[in-house]
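Residues per chain are reported as follows:
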Amino acid sequence: IFVSFTKLVALSAYSNAVVGTIPSSFGGLVSLTLLDLSSNSISGTIPSELSSLTKLVQLNLTLNKLVGSFPSSLISLTSLVSYQFGLNSLTGTIPALIGCLTNLNTLQIQGNRLTGTIPSCIGSLISLTSLNVVTNTLIVTIPSELGRLTKLSQFAVFTNRLMGTIPVSL
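In what follows, the accompanying structure is described. All of these numbers come straight from a predicted model, not from anything done at the bench.

## Side note on the overall build of the protein chain
A tally of helices and strands in the protein chain yields 0 helices and 14 strands. Ordered by position in the sequence, the α and β elements of the protein chain form the string β-β-β-β-β-β-β-β-β-β-β-β-β-β. Taking 15 Å as the expected radius of gyration for a compact globule of 170 residues, we find that the protein chain reaches 16 Å, a close match to that expectation. On the principal axes, the C-alpha backbone points of the protein chain span a range of 50 × 25 × 25 Å. Residues counted as buried form 44% of the 170 residues belonging to the protein chain. Accessible surface, the protein chain: about 7,900 Å² in total, of which carbon and sulfur atoms supply 58%.

In structure tokens, the structure reads:
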């Protein structure tokens, strides 16, 4: 329905009763800077075609019924400032290439089924102010590289498997 809107810069349909999957044709909305489909009942996987949205600044898919692995194809969206996938059923690990999103100030991936660790490359996200990985199944050793995040004002990591020591760099 929206694919003919190539000049559309914002698509916000949060807190509705949207069901079904995210259409792969959304990848054709190349002028989008904001995509907010949070608080719906959207299911399925996050289509890799969204990686075509190179102007995207805010992506919020929180509180849906999304499944599949952490969308590593979206790591190419280097304009992203806000990356929110919380409260879904995403699996897999946090990709190390997330460190390429150097404009990111919000990373909220809480309430999924992510495994593995917090990659040390997150220490490259020097604009990050909010990092929320709460309620996953991460084996969390807090990387000392997080000490480089001088703008970080919220770091939520509870309800994981916290191990090791808290780095002095924090």
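Next, the rest of the story.
## Here we look at the nonpolar core
Residues Leu35, Leu59, Tyr83, Phe85, Ile98, Leu107 and Ile122 are the most contacted members of the largest nonpolar core, which totals 44 residues. Dropping the residues within four chain positions of it, Phe85 is found in contact with Ile46, Leu59, Leu61, Thr62, Pro71, Leu74, Leu90, Gln108, Ile109 and Asn112.

## Some details on the environment of Asn16
Along the chain, Asn16 falls in the loop between β1 (10–12) and β2 (19–20). Between the C-alpha atoms of Asn16 and Ser38, which are 22 residues apart in sequence, the distance is 8.6 Å. Beyond its immediate sequence surroundings of up to four residues, Asn16 is in contact with Ser39 and Asn40.

## Let's talk about the sheet that holds strand β3 (residues 34–36)
Read from one edge to the other, the open sheet built from 7 strands follows the order β1-β3-β5-β7-β9-β11-β13, with strand pairing classed as parallel. Each edge of the open sheet is held by one strand with a lone partner, namely β1 and β13 (154–156). Pairwise comparison of adjacent strand axes, ignoring direction, gives a mean angle of 10° for this sheet. Pairing geometry for β1 and β3, over 3 bridges, is parallel.

## Some thoughts on the environment of Glu49
If you trace the backbone, Glu49 turns up in the loop between β4 (41–44) and β5 (58–60). In this structure, the C-alpha to C-alpha distance between Glu49 and Ser76, residues 27 residues apart in sequence, is 11 Å. If sequence neighbours within four positions are ignored, Glu49 has contacts with Ser24 and Gly27.

## With respect to the state of the cysteines
Tallying each qualifying case throughout the model produces 0 disulfides. Looking at Cys100, it has no disulfide partner, and the nearest cysteine sulfur is the one in Cys121, 7.6 Å off. You can call Cys121 buried: its relative accessible area is 18%.

## A look at the side chain of Thr62
The residue Thr62 is located in the loop between β5 and β6 (65–69) in this model. In this structure Thr62 comes out as buried when scored by relative accessible area, which is 13%.

## Thoughts on the packing of aromatic side chains
Evaluated as defined, the whole model comprises 3 aromatic pairs. Between Phe70 and Phe85, the ring centres sit 6.1 Å apart and the planes meet at 75°, which makes this aromatic pair edge-to-face. You can see Phe70 sitting in the loop between β6 and β7 (82–84) and its partner Phe85 sitting in the loop between β7 and β8 (89–93), a full 15 residues away along the chain. By relative accessible area, which is 4% here, Phe70 ends up buried. Assessed through its relative accessible area of 0%, Phe85 is described here as buried. Plain terms: the ring middles of Tyr83 and Phe85 are 4.7 Å apart, the flat faces sit at 75° to each other, and that makes the pair edge-to-face. In this structure Tyr83 comes out as buried when scored by relative accessible area, which is 0%. Through pairs of rings, three or more aromatic residues link up here, namely Phe70, Tyr83 and Phe85.

The rules behind these values
Residues numbered from 1 in each chain as written. Predicted model: local features only at pLDDT ≥ 70, side-chain atom pairs only at ≥ 80, totals over all residues. Heavy atoms only, no water. Helix = DSSP H or I, 4+ residues; strand = E, 2+ residues; numbered from the N terminus. Rg over C-alpha atoms; globule rule 2.2 N^0.38 Å. Buried < 20%, exposed > 50% of the residue type's maximum accessible area, 1.4 Å probe, protein only. Areas by Shrake-Rupley, 256 points an atom, 1.4 Å probe, with all protein chains shown as cover. Core = buried A, V, L, I, M, F, W, Y, C linked by side-chain atoms within 4.5 Å. Contact = heavy atoms within 4.5 Å. Pairing = 2+ DSSP bridges. Axes fitted to C-alpha atoms, helices over the stretch in contact; angles between N-to-C directions. Disulfide = S-S within 2.5 Å. Phe/Tyr/Trp six-rings, centres within 6.5 Å; stacked < 30°, edge-to-face > 60°.

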